[in-house]
Amino acid sequence: MNDSPSTPSADDPADEQAVRRLVPVWLEEAARHDAEAAGRARQEWEQGRLSSDAARELADWVTARVTDTGFNEDEGPSRQGPAHVSVADKAAVHRWLAARGHDV
């Protein structure tokens, strides 16, 4: 067990907030690629759970969507709003999933 103050608890409100902001964006994007799988994931999310497949997809998606990469405007992505994914957001989603028993 790690009692370090920098280690958030499984119920960290900041992690929860990041997940609640990003999951709808992920589901919307996923629906454009595989509506059936996204529909299942949305239903799971609304029931307060995610399957291991959906959790893995979310973890991969948030990793791929990190937009705070140090690029300037000419070199890479820059998004504002709910689709903006920072390195801290990625870490929060991964912690949130891991705290719920998902291997990410």
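In this text the structure is predicted, and so the values were computed from the model without any measurement.

J.: Summarise the overall build of the protein chain; cite the residues concerned and give the values.
T.: For the protein chain, the helix and strand inventory stands at four helices and zero strands. Looking at the 104 residues of the protein chain, the share that counts as buried comes to 32%. Nonlocal contacts in the protein chain, meaning residues at least 24 apart in sequence, comprise 64% of its contacts between residues at least 6 apart. Surface exposure of the protein chain reaches about 6800 Å², of which carbon and sulfur atoms provide 47%.

J.: Report on the packing of helix H1 (residues 13–33) against helix H2 (residues 35–46), specifying residues and quantitative values.
T.: At a minimum axis separation of 7 Å, H1 and H2 run at an interaxial angle of 155°. Classified by the angle between their axes, H1 and H2 sit roughly antiparallel to one another. The chirality of how H1 crosses H2 is left-handed. In this structure, H1 contributes Val19, Arg20, Val23, Trp26, Leu27, Glu28, Ala30, Ala31 and His33 to the contact, and H2 contributes Ala35, Ala38, Ala41, Arg42 and Trp45. In terms of residue class, the contact of H1 with H2 is built from 10 nonpolar, one polar and three charged.

J.: Describe in detail the environment of Pro24, supporting the description with residues and values.
T.: Inspection of the secondary structure puts Pro24 in helix H1. Assessed through its relative accessible area of 37%, Pro24 is described here as partly exposed. Each C-alpha atom of the pair Pro24 and Ala83 lies 9.5 Å from the other, and the pair is 59 residues apart in sequence.

J.: For H2, give the residues involved together with the corresponding values.
T.: In an α-helix, one full turn covers 3.6 residues, which means residues spaced three or four apart are oriented alike. With 12 residues, H2 should cover 16 Å at 1.5 Å per step; its first-to-last C-alpha distance of 16 Å lies within 8% of that length. When we look at burial in H2, the residues that qualify are Ala38, Ala41, Glu44 and Trp45. An end-on view of H2 places all buried positions within 120° of arc, on one side of the element. Facing away from the buried side of H2, by more than 90 degrees, are the exposed residues Ala35, Glu36 and Glu46.

J.: Could you give me a rundown of the environment of Asp103, with the residues and numbers involved?
T.: On the secondary structure map, Asp103 appears in the segment after helix H4 (87–99). Taking relative accessible area as the criterion, Asp103 reaches 75% and is therefore assigned exposed.

J.: How would you summarise helix H3 (residues 52–64) if you had to cite specific residues and measurements?
T.: Its 13 residues give H3 an end-to-end C-alpha distance of 18 Å, which sits within 8% of 18 Å, the value for a rise of 1.5 Å per residue. Of the positions making up H3, those classed as buried are Ala54, Ala55, Leu58, Ala59, Trp61 and Val62. Each buried residue of H3 lies within a common arc of 165° when the element is viewed along its axis, so the set occupies one face. Summarising the contacts, the buried residues of H3 are in contact with H1, H2 and H4.

J.: Give me the pattern of salt bridges: which residues, what numbers.
T.: In total, this model carries eight salt bridges according to the counting rule given. A salt bridge links Asp15 to Arg95, with the shortest nitrogen-to-oxygen separation between them at 2.7 Å. With Asp15 in helix H1 and Arg95 in helix H4, the pair connects residues that are 80 residues apart, well separated along the chain. In this structure Arg95 comes out as partly exposed when scored by relative accessible area, which is 35%. Where Arg100 meets Glu16, a salt bridge forms, and the shortest distance between an N and an O atom there is 3.6 Å. Taken as a pair, Arg100 in the segment after H4 and Glu16 in helix H1 lie far apart in primary sequence, 84 residues in all. Assessed through its relative accessible area of 22%, Glu16 is described here as partly exposed.

What counts and what doesn't
Residues numbered from 1 in each chain as written. Predicted model: local features only at pLDDT ≥ 70, side-chain atom pairs only at ≥ 80, totals over all residues. Heavy atoms only, no water. Helix = DSSP H or I, 4+ residues; strand = E, 2+ residues; numbered from the N terminus. Buried < 20%, exposed > 50% of the residue type's maximum accessible area, 1.4 Å probe, protein only. Contact = heavy atoms within 4.5 Å. Areas by Shrake-Rupley, 256 points an atom, 1.4 Å probe, with all protein chains shown as cover. Axes fitted to C-alpha atoms, helices over the stretch in contact; angles between N-to-C directions. Parallel < 35°, antiparallel > 145°, perpendicular 65-115°, else oblique. Left-handed = near helix turned anticlockwise from the far one by under 90°. Nonpolar A, V, L, I, M, F, W, Y, C, P; charged D, E, K, R; others polar. Expected span 1.5 Å × (residues − 1). Arc of directions from axis to C-beta. Salt bridge = Lys/Arg side-chain N within 4 Å of Asp/Glu carboxyl O.

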